[in-house]
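Chain by chain, the residues run as shown.
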Amino acid sequence: MNNTTVINGAPVQPPRSIWGYWLAMLVLTLGLAGLAITGEADRLAPGIPFIDLLSYKLTGYANVLLGAATLLYLAHLWFTQPAVGKWATGLATAGMIGLLVALLTRWFETHQVLEEGHVPISNLYEVTIFFTALTTLIYLILESLSRNRHPGAFVLPIVMAGIAFELWLVSRGQAGPQNLVPALKSYWMHAHVLANFIGYGAFAVACGGGVMYLVRQRAEARGNSDGMVMRVVPGLGECDNLMYRSIAIGFITFTIATILGAAWAYDAWGGYWSWDPKETWSLIVWITYAVYLHLRFVKGWAGSRMAWWAILGFGVTLFCFIGVNMFLSGLHSYGQLS
Amino acid sequence: MSNDPENRTPDNSQASGIAVRLIRFLSSMPVAVTLLCLVALASTIGTVLVQNREPDYYIANLGPSWYRLLDALDFFDMYGSWWFITIMTLLVLSVSAALLRHGPRFWHVSRPLQAMRPWPKRSDGGFTLATPLAADTQAVEGVLRRLGYTEFRSGEEQGRPLLLARKGRYSRLGFFFVHGGVVLICIGGLITSQLGFRGVMNLPEAESDDKVYVQDGNSYRTLQLPFKVRNDDFAISFYKTGMPSEYSSQLTLHGEDGDIISKRITVNDPLRYQGITFYQASFGDAGSGVNFTIHDLTTPGFPEQRVESAVHKELEDGMGLKLTIKELRQHNVMNMATEEGKTDLQDAGASLDIHLSSPSSGNITYRIYMAYPHMLAFGRTGDEEMTYDNLGFAPAEREKLQLLEAYLAEVGQLKVRDPDSNRAAFTQAMEKLQLPLSRATELGTAVATAESALRTHKLPMLFTFSGYKPKMYTGLQVARDPGSPLVWSACALLVIGLYMMIYMHEKRIWVRFDREQQQLEVCALLSGKDKHPLNTTLARLQQELGSASSTTG
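The rules behind each value
Residues numbered from 1 in each chain as written. Chains lettered and ligands numbered in written order. Predicted model: local features only at pLDDT ≥ 70, side-chain atom pairs only at ≥ 80, totals over all residues. Heavy atoms only, no water. Domains from an automatic or database assignment. Contact = heavy atoms within 4.5 Å. Buried area = accessible area lost by both parts, 1.4 Å probe. Salt bridge = Lys/Arg side-chain N within 4 Å of Asp/Glu carboxyl O. Helix = DSSP H or I, 4+ residues; strand = E, 2+ residues; numbered from the N terminus. Nonpolar A, V, L, I, M, F, W, Y, C, P; charged D, E, K, R; others polar. Core = buried A, V, L, I, M, F, W, Y, C linked by side-chain atoms within 4.5 Å. Buried < 20%, exposed > 50% of the residue type's maximum accessible area, 1.4 Å probe, protein only. Pairing = 2+ DSSP bridges. Axes fitted to C-alpha atoms, helices over the stretch in contact; angles between N-to-C directions. Polar contact = N/O pair within 3.5 Å; in protein donor to acceptor, adjacent residues only side chain to side chain. Expected span 1.5 Å × (residues − 1).

(A) Spatial organisation of the domain arrangement of chain A. Residues and elements named next belong to chain A. In terms of domains, chain A is made up of domain 1 (18-180) and domain 2 (204-338). With 24 residues of domain 1 at the contact, the number on the domain 2 side is 25 residues. Overall, the association of domain 1 and domain 2 removes approximately 2,100 Å² of surface from exposure, summing both partners, and the carbon and sulfur fraction of that is 78%. Together, Leu-124, Leu-142 and Phe-154 form the three largest contributors to the area buried by domain 1 at its contact with domain 2, with a combined 28%. Connecting domain 1 to domain 2 are zero salt bridges. Within the residue set of the side of domain 1 that touches domain 2, elements represented by two or more residues are helix H2 (54-78), helix H4 (124-146) and helix H5 (152-171). The residue makeup of the side of domain 1 that touches domain 2, split by class, is 16 nonpolar, seven polar and one charged.

Structure below.
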């Protein structure tokens, strides 16, 4: 009995289960967070500067790991030995877990340092860390499904850009834990922000897929069949598929996030929709990807047009994530730079 | 859509009535995509251009001609403008038209599997597998059942048995859920905007009211509630930084015959009664009582005047001088750390802002601190920040204030100012007030500091803040939102439908049993444009068939 399956003339590998692996990673993350918190428990006092917090240092180490992973993913384009890719994946996984451990630690720290602790996804610095962690996580999950490590070279640079923004926020003195305004004190926040950032992360991965598609397409147009890109960058179909699958995940979670936000606003501000800039921009993001899905489902659009759509769509997403807080004023102003 | 007759639409291709053509046009992809993009673009404008401000704000920022043009096009209340509502209505019509147009076909394929269908001419994928199962239709059906296929038809083709299996019969309903959900959300919003309201109500403590102020463009109208609302108690707590940490109000709804319902509301926990919801939105000063003393430096004798008044009150002397009591702050948290980068937050206590406007000295806003009476803090109109200085003594110390006046009079006569003549002037002032020279050092420092501060800042008055009695109002957002149950149900539909549309597919699999060659031929059709999920489906099927044959064979 041969194990490779040939469908439509092409070999297809049966899907493999990734649940066990990611469950183990979750347990590892929680275990490490437990260790970090116990290690820090009796050291903290109110008013301690944020650079002395363990979470801040952990974030730094995790960022270094992700930087190394990015370099390895890029190197993997030229050095195609499987070991390079495996190390890249390993470092990225370690960095991602490091960021999640840092955030969990910070959750504990806010309870020690501030008068009232809260989940650390409440200011621009914290959510930027969350964004880099989730983008890496979503990419790694898709990578573990497709077993192709080359797209990392197109997704991890977006994570690096996120880290650069995060460091800029640190240099502006925006990294310390802050007290919550009364409107933010709600259980809706956990679900709303989590869903939102799964959405943002997925759209970031889709953007990486779009860039990868365009790179591959240009290489194919040049007709050089044994160039670097042709050897390592996945085929156009696979790039398109990476884009579609990320946008599908992102669109559903982003829809849920927006609904959760509306439910929250209904409890806090007295109306589920106020045309506040953040709300309006999330509608614009939603429409952008709704149009993407229509063009793909109904018109059967694929190819470079859709790749550009995924890239520009992420631009719109970024404006919703960061731009609104930096340039526009509204009810979501607590995310603003001070 | 596939070329398979099972999926062929019982559509209206023969009909050509105007309604049908309109539905086709509205639901066409170019129209739908254009409308979606228009909504997105128009919404952008509303986020860049601040909405619903007073006309002066726009005229100051944009100039009068731009203001007139944009105002004529309703750009300042954009989301309520006729043209934005029109685009939204067209979008809802387009989605509804899509439901009408594609609905029948999707409903048609959601029926149970009809008769056996022949091997399709063109499939989305398939494979051939050599296996002893080729003789065992029951075993193959068992494998498919294990993979979730529920509907089966069997037949024969050129003497060979043929099996058709289907799963995901209802997956097309996702289309109805998503598009129906969007239409229902918009209808819910429309119901709310037509039958509901959203207004504000500022209730001072221990007071009752039944009037809600509803914003209408940039003006307000009042609305009468069928019962009265009483603010029994307003409470607020602060962080050490001085930022509000939580505020809440004990509200009681009452009618003619007594209290109906009572609840303490906080920012994320409103009171709902008979479809009307009361949200804790803000708070403010409802005219707290304040006591302060005015020390008039422009009148000989520097007379004192005690004032008992309230925040927001204005005092006039009939000669153009006007005092406005602007703001009472109960806490002033400041960073008292001496080292840079460190924080040492301390509460400087209560302060009162008093605005002084007079023809001779212009506009000055004083901030007087109860705990620091000798501190000068003020800002002149146009100043970005407050100026802080030290008067050297509290103006309520009459003796020092009189000495200051006497010293200023002496100093005013001097032609040349130098340390010696200053000292002589001070001694003369001391003698005039018959103060013992033994106190010269103590008094001299205070008076010299004050003289220098007043010479620099030219303040016509000083104030002493002596007491306050806070009176707060609670800012309530009052809303009636009859559309919300529909909106929430539609949201649930939307999410379920999205999941179905993206991850659930109608799959049909044909298996042809070739007994002579000992092989199975398999082909499959998948609904929708995205054929990718079929690969994994077929790979799993092949794997299952392989392991099934090894156990039976």
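(B) Structural detail: the nonpolar core. Grouped together as the largest cluster of nonpolar side chains are 134 residues, with contacts concentrated most on Tyr-73, Phe-197, Ile-247, Ile-287, Phe-314 and Phe-321 of chain A. Looking at this core, the element that brings in the most residues is helix H6 (residues 188-222) of chain A, giving 14 residues. Of the domains in this structure, domain 1 (18-180) and domain 2 (204-338) of chain A are the two that each give at least three residues to this core. Apart from residues no more than four positions distant in its own chain, Phe-314 of chain A is found in contact with Phe-131, Ile-158, Tyr-200, Phe-203, Ala-204, Cys-207 and Tyr-289 of chain A. With 44 residues, the next largest nonpolar core counts Ile-294, Ala-429, Ala-446 and Val-447 of chain B among its residues.

(C) Local environment of the sheet that holds strand S14 (residues 322-329) of chain B. Residue and element names in this part refer to chain B. Strand order in this open sheet of six strands is S13-S14-S17-S18-S19-S20, and the pairing throughout is antiparallel. The open sheet is flanked by strand S13 (314-316) and strand S20 (387-390), the only strands paired with a single partner. Between one strand and the next, the sheet's axes are offset by a mean angle of 25°, whatever the strand orientation. Running over the sheet, helix H10 (residues 440-457) touches strand S19 (375-380) and S20 and is turned about 155° from S20.

(D) Inspection of the pairing of strand S2 (residues 151-157) of chain B at higher detail. Residue and element names in this part refer to chain B. Pairing of S2 with strand S3 (residues 160-167), which is carried by seven bridges, proceeds in the antiparallel orientation. When the sheet's bridge partners are listed, Glu-156 is paired in S3 with Pro-161. Connecting S2 to the antiparallel partner S3 that follows it, the hairpin turn spans two residues, and Gln-158 within it adopts a positive phi of roughly 50°.

(E) Examining the interface of chain A and chain B more closely. If you look at the interface, chain A gives 58 residues, while chain B gives 64 residues. When the two sides are added together, the surface that chain A and chain B hide from each other amounts to roughly 5,100 Å², 66% of it contributed by carbon and sulfur. Along the contact surface separating chain A from chain B lie one salt bridge. A salt bridge links Arg-272 of chain B to Asp-267 of chain A, with the shortest nitrogen-to-oxygen separation between them at 2.7 Å. Here chain A is connected to chain B by 15 residue pairs in polar contact (both at pLDDT 80 or more). Of all the secondary-structure elements, those providing two or more residues to the side of chain A that touches chain B are strand S1 (5-7), helix H8 (236-268) and helix H9 (277-297) of chain A. No other element matches the 15 residues that H8 of chain A contributes to the side of chain A that touches chain B.

(F) Inspection of the environment of Gly-349 of chain B at higher detail. Residue and element names in this part refer to chain B. Relative to the helices and strands, Gly-349 resides in the loop between strand S16 (345-347) and strand S17 (351-358). As a C-alpha pair, Gly-349 and Asn-332 span 17 residues in sequence and 5.6 Å in three-dimensional space. Beyond its immediate chain neighbours, meaning those up to four positions away, Gly-349 contacts Arg-329, Gln-330, His-331 and Asn-332.

(G) Local environment of the pairing of S3 of chain B. Residues and elements named next belong to chain B. Counting buried residues along S3, six of its eight residues qualify, which places the element largely inside the surrounding structure. Across six bridges, the pairing between S3 and strand S23 (residues 507-514) is antiparallel. By the bridge assignment, Lys-167 is partnered in S23 with Lys-507.

(H) Main features of the sheet that holds strand S11 (residues 289-296) of chain B. Residue and element names in this part refer to chain B. On the basis of which strands lie adjacent, the open sheet formed by three strands has the order S12-S11-S21 and antiparallel pairing. Each edge of the open sheet is held by one strand with a lone partner, namely strand S12 (304-310) and strand S21 (461-469). Ignoring strand direction, the axes of neighbouring strands in this sheet form an average angle of 20°. Relative to S12, S11 runs antiparallel, the two sharing seven bridges.

(I) Spotlight on the environment of Gln-217 of chain A. Residue and element names in this part refer to chain A. With respect to the element layout, Gln-217 can be found in helix H6. Along the backbone, Gln-217 and Ser-304 are 87 residues apart, and their C-alpha atoms lie at a distance of 7.9 Å. Every residue in contact with Gln-217, bar those within four places of it in the chain, is listed here: Leu-236 and Ser-304.

(J) Up close: H2 of chain A. All names here are of chain A. In this model, H2 (25 residues) spans 37 Å end to end at C-alpha, consistent with the 36 Å of a helix rising 1.5 Å per residue. Along H2, the positions that sit buried rather than exposed are Ser-55, Thr-59, Ala-62, Asn-63, Leu-66, Gly-67, Ala-69, Thr-70, Tyr-73, His-76 and Leu-77. Buried residues along H2 sit in contact with helix H1 (19-40), helix H3 (82-113), H4, H5 and helix H7 (228-232).

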